[in-house]
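# Analysis of the macromolecular model
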Amino acid sequence: NQAPLLLYLPQPLVGAEEPLRQQIALDFLQLHQHFPHCQLVIKPHPLETDHHFFYNIAAQCGNPPFLLLTEELYKLLAVADIVLTYHSTAGAEAVYFKKPLLVANYLQNDAAGYLQQGVALGYQNAEELTQLVWGILNGTKKIDPLRQQAFIENRAFAIDGQTASRYLQFILQAKPPQEKT
C-alpha cells in the first residue's frame, strides 16, 4: 500500500496576505506531526517562483519531509488522496477529479465559493485541518458526491477538447442585438 498523498495547491499571496500565505503553508507542513505515514506534496502555482519560501517555512517547523513538485497538475491530482488550497482555481480541477477538497477559510471569506457550493470542507486553523484530514482518511468525513457532480456539470460541461468549437457555434448562432429606433 502506498502512503496517502496530501497535495497543497498554493497561490501567490502578497502584501497584506503574506502572513496568511505563511500560516497556511505552516499548518500544511505541520500535518506531518499527526500523519507521519502521509506524503506531503506542495505544487506551487506557476507564478510562485520563490520556492525557498516553502523550505523556509519547513525549517520553522522542524523540516518535515515534503516534496515540492512542479509536475503537471493533472498527474498530481490523479494520485492525490486529499487536496488543499485557499482559493486557487486548481481547486475546481480537484473537484473534477472527485478528490476531497479542503479550503483554508481563515478569513471566513470562501474566496472561490467552493464551500458555498458544497464541494469542499473548510478549516480555519491547524487543529481543524488536522481533524478534517483525520476524518477523510478514516472515512468519517466526506464531500457530497452529488454536489461534486453538479459542480462538474455546471462548470466543466465537457472536457473533450471541443470547448472552442462550442463557443464558436454559440457566437455564430447568437443574434445581434436589435437596434432601437
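Here the structure is shown first, and the text comes after it.
Residues numbered from 1 in each chain as written. Predicted model: local features only at pLDDT ≥ 70, side-chain atom pairs only at ≥ 80, totals over all residues. Heavy atoms only, no water.

Bringing the side chain of threonine 85 into the picture now. Examined against the element boundaries, threonine 85 turns out to sit in strand β4 (residues 82-85). On the basis of relative accessible area, threonine 85 is assigned to the buried category, the value being 0%. Within the local environment of threonine 85, its side chain forms a polar contact with the backbone nitrogen of serine 88, the two atoms lying 3.3 Å apart. Setting aside anything within four residues of it in sequence, one finds threonine 85 in contact with Tyr8, Leu9, Gln11, Gly91, Leu101, Leu102, Val103, Ala104 and Tyr114. (Helix = DSSP H or I, 4+ residues; strand = E, 2+ residues; numbered from the N terminus. Buried < 20%, exposed > 50% of the residue type's maximum accessible area, 1.4 Å probe, protein only. Polar contact = N/O pair within 3.5 Å; in protein donor to acceptor, adjacent residues only side chain to side chain. Contact = heavy atoms within 4.5 Å.)

The element strand β1 (residues 5-9) is largely enclosed, with a buried count of five among its five residues. Here β1 shows two buried faces, one formed by Leu5, Leu7 and Leu9 and the other by Leu6 and Tyr8. Sheet analysis places β1 next to strand β2 (residues 39-42), joined by four bridges and oriented parallel. Bridge pairing in β2 links leucine 5 to glutamine 39. Of the strand pairs in this sheet, β1 and β4 are connected by four bridges, and their pairing is parallel. Directly across from leucine 7, in β4, lies its bridge partner valine 83. (Pairing = 2+ DSSP bridges.)

Here the focus is the environment of alanine 90. Along the chain, the position of alanine 90 falls in helix α5 (residues 90-96). Its relative accessible area of 9% is what places alanine 90 among the buried residues. Every residue in contact with alanine 90, bar those within four places of it in the chain, is listed here: Leu9 and Leu73.

Enumeration over the complete set of coordinates arrives at eight aromatic pairs. Seen in terms of ring centroids, phenylalanine 35 and tryptophan 134 are 6.2 Å apart; in terms of plane orientation they differ by 35°. Their pairing is tilted. Of this pair, phenylalanine 35 sits in the loop between α2 (31-34) and β2 while tryptophan 134 sits in helix α6 (residues 126-138), and the two are 99 residues apart along the sequence. With relative accessibility at 1%, the residue phenylalanine 35 sits in the buried group. Tryptophan 134 gets classed as exposed once you look at its relative accessible area, which sits at 52%. Note on phenylalanine 53 and phenylalanine 54: the rings are 5.1 Å apart at their centroids and 85° apart in plane angle, and the pair reads as edge-to-face. (Phe/Tyr/Trp six-rings, centres within 6.5 Å; stacked < 30°, edge-to-face > 60°.)

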